[in-house]
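Each chain, letter by letter, is given below.
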Amino acid sequence: MKYVNIREEELKNSVATDFFDRFDCDRIVGFIDFAVKPKRPADAIDFNGEYLLWAEAKTGSRDIFAMFTQLVLTAGKARTFDKHLPPPFLGAFDGEKIAFVPYSEIQDIFYQNDFNWNVAPSNRNTKEFKQVYGKIKKAIENEIPFEICLFYFEKDGNELRRFIRDNFIAGKSGTSKIKIDKNNFKNIFNKWTDEVLPSIAVNWDLIKKSGLIAGDFYLADLLSAGNKTLKDKLFVLLQSNYYEIDRHLNEFEIFTSSKIEFKDKQKAHNQFWAKYERPPLEDYWDYILNRRDLLVPPDIRERKGSFFTPKIWVELSQRYIADVLGEDWQGEYYVWDCAAGTGNLLEGLTNKYNIWASTLDKQDVGVMKDRIKNGANLLESHVFQFDFLNDDFSKLPEGLKKIINNPQLRKRLIIYINPPYAEHGNRTTFAGKSEHKAKVSTTSKTHANFQNMVGTATRELYVQFFLNIYKNIPDAKLASFSTPKFITAQNFSKFRVYFKAEFLKGFICKANTFDNVNGHFPIGFFMWNLDKKNSISKIKTDVFNTDADLKHCWKEGEKQFRAINEKIFISDWLRKYYDKGNQTIGYIILPGVDMQQQNGVYITSQPTESDILQHKTAKITIRNLIQTSIYLAIRKCIKPNWLNNRDQFLYPNDGWENDTEFHNDCLTYTLFNTNVSVKESINHWIPFTESEVNARSEFESHFMISFLSGKIIQNAYTDLFEQLEKENPSSKTNWRKGEKREFSPEAQAVFDAGRELWKYYHAQKNIDANAALYDIKEYFQGRNNKGKMNNKSADERYNELIGNLRETLKVLAAKIEPKVYEYEFLKR
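These numbers come from a predicted model, not from an experiment.

J.: I'm lost on the packing of aromatic side chains in this one. Help?
T.: The relative placement of two aromatic rings is captured by the distance of their centres and the angle of their planes. Within the structure shown, the criterion is met by 77 aromatic pairs. Aromatic side chains F65 and Y133 sit 5.9 Å apart centroid to centroid with 85 degrees between the ring planes, which places their arrangement in the edge-to-face category. Placement of F65 in helix α2 (residues 64–78) and of Y133 in helix α4 (residues 127–140) is noted, with a sequence separation of 68 residues between them. You can call F65 buried: its relative accessible area is 10%. Relative to F507, the ring of Y320 has its centre 5.1 Å away and its plane inclined at 65 degrees; by these criteria the two rings are edge-to-face. Taken as a pair, Y320 in helix α12 (residues 311–325) and F507 in strand β17 (residues 502–510) lie far apart in primary sequence, 187 residues in all. Members of the aromatic cluster, each reached through a chain of ring pairs, are F450, Y462, F466, Y470, F486, F492, F495, Y498, F499, F503, F526 and W528. Just above the ring of Y152 sits the side chain of K155; from NZ or CZ to the centre is 5.2 Å. Just above the ring of F151 sits the side chain of K275; from NZ or CZ to the centre is 5.2 Å.

In structure tokens:
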């Protein structure tokens, strides 16, 4: 709910401020709760003014019919409409929603004969209240001509503001509905799926098997007037109060079809479309139909590859092809997009006689053929339905088969694709935290044919496309969009043993410039000559960026990707220092070795059961504290971005071993970057003495301050904590003194900022003296109703102190970063 636990006056003030700030909402009209009128200059003559809205307001979540009923009874009893010019709209709102009704549609209720207006408007038990309630409810449920526009503050905020902007105009008559265009039709579809889709009486499992999607019903609605679809070649047609599907000629050459009705007499449908203007301008129709891929559910999009390649990258990829193959390449080469979707990757190509397009979805074939009739530069006979990962190549059109079966012609064939990317499972699914994408990528013939040969790489659908191309079209050119994971990732090493090709040219760009891709990682366009069998070791690509509206792009540099096939990762380095013999002071969580896994690296008091089952943890002891700190610091000090997302941390050279300043910088960084909590175990990570922070009681553990001051050193062994609590620990034969650690100015600044934070915490009431940094954050920041720690505190002094600590950590991280590359934990 948008407005929770507030009084009615505060609710009215909030709604006025948030949505009607351009209007005058301060006037009181009789006993009506809320009135809106145009703002006038202070010296203007009002002449009783023109109101735009009279509304009923209630806190909480209320019955919309009852609110309108009370408003009507209030206005009718006081004859407000006789004393003031009635507004274009009546309204009702509560803490979660607001609804508008054109006054002209309801005014007849005010002129009923023999109606007693002297009842209390708020008394729901009177026959008058029930009578008006019934009329309004029937009207809203469309049993008599009526319009209602309903908006939820939280999810419909932008649409509500647009409705107010377009309709709340002095002197305006009639309701302006929200216009739909190529920029907002997808967002409106999302709302349609919430509000209209559940009211359609259909078995969606059966519908999906036929190849139809919910978006086809939406298109039938959208491209209609008077609830009749205007374009008769759509897969679904709206016929007044039902949908028509599967329209075809039967054996008697008579058109027959199936009928799908509404569960609620079309109530939700009519209420929804009362807010939007249909159809859109005809100029947008072809674009909207061509972008049917945006309406495909994510699971189907991932399986079928219904992802639209932005025009800017289509054009750039075709320039790269021309750079490699020559300006006349379209006359000299053939092109087959075997994951074509609706064919947008082929836009801009000119030689339609040399182009083939196939897709798994027969509806997409229909869209492409419809586009051909509207001028798309393709041949209908070259557009066909084909399941590339399952169908036999004998099903291909004869012209394409002839090219593939001829070794010389095959060398002039370009497989030009943006294939589907879905993966059967990942670390999350294997940990039991999520469901596998059942049958997404493990049921194809290609997966079965290659699983034993290339291993887990076959979980990725785009890799299956590459494998099938490599096997069945061995001499072709492959020009494909994909992530660079198949080049760099360790679990693709078997794939790289099998897949050998000459890299020709390529570029990378941000993944989130593609539709419905939210991640910050690179997507590349890579060109390969499959006729030359070169092992993939490293490639260099151009890096491109673009403006926000994808109109212009520019080169920003180059990026090198390395294939790593041996065990030379940072995990192999840290494994040398695993220690199961000494007492544990914490655990480090170890996800994958690439940059995108950074958020998963942390130190905790107790690992989760899932982390233990996946062998993602290592114990931290006195013997490996420095190495563990180096691991965490170098993994955390460089922020992931879209460009370095796939970079992998490696086994370092030996330079780090004697760099004690580097050791201590990393230790400092780690001390103030843990998730250790005293609530889970004794906190051995307090980097200060009691006197430094004015602690009210003695700490349970002095391990860390003893380690920092050199009272114990890293080669010490068992019984560590027992020793530290004894007055004369030097009597133990396995305990040795070392020199006090020396810290750089950048590290010292971190300690200074941390000390001030600890001192402020210890000055508070009801604290735990043994608190770790994580506990201190929780104390001040608290948690929300979902149990997640809040980002800020109401205590401004704490916000200042934690901000100072974070700033010093940023400076220290910048100091550590060059060492990461110097010691080759990462390679540029």
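The structure having been displayed, the exposition proceeds.
J.: I keep staring at the nonpolar core and nothing clicks. Help me out?
T.: As a rule of thumb, nonpolar side chains are buried together in soluble globular proteins. By size, the foremost hydrophobic cluster in this structure holds 71 residues, and its most contacted members are F672 and I816. Broken down by secondary-structure element, the contributors of at least two residues to this core are α22 (570–575), β23 (617–620), α24 (625–636), α25 (660–671), α27 (703–708), α29 (745–762), α30 (773–781) and α31 (796–822). Ranked by residue count, the leading element in this core is α31, at ten residues. Here F672 is in contact with P687, F688, V750, F751, G754, W758, L773, L805 and L809, once residues within four sequence places are set aside. Residues L52, A55, V196 and V236 belong to the second largest nonpolar core, which totals 63 residues.

J.: Sorry, what's going on with the side chain of S744 here?
T.: Within the fold, S744 resides in the loop between α28 (720–724) and α29. For S744, a relative accessible area of 5% translates into the label buried. A polar contact is formed between the side chain of S744 and the side chain of D665, at a distance of 2.7 Å. Beyond its immediate stretch of four places on either side in the chain, S744 contacts E661, D665 and K815.

Calculation criteria
Residues numbered from 1 in each chain as written. Predicted model: local features only at pLDDT ≥ 70, side-chain atom pairs only at ≥ 80, totals over all residues. Heavy atoms only, no water. Phe/Tyr/Trp six-rings, centres within 6.5 Å; stacked < 30°, edge-to-face > 60°. Helix = DSSP H or I, 4+ residues; strand = E, 2+ residues; numbered from the N terminus. Buried < 20%, exposed > 50% of the residue type's maximum accessible area, 1.4 Å probe, protein only. Lys NZ or Arg CZ within 6 Å of the ring centre and 35° of its normal. Core = buried A, V, L, I, M, F, W, Y, C linked by side-chain atoms within 4.5 Å. Contact = heavy atoms within 4.5 Å. Polar contact = N/O pair within 3.5 Å; in protein donor to acceptor, adjacent residues only side chain to side chain.

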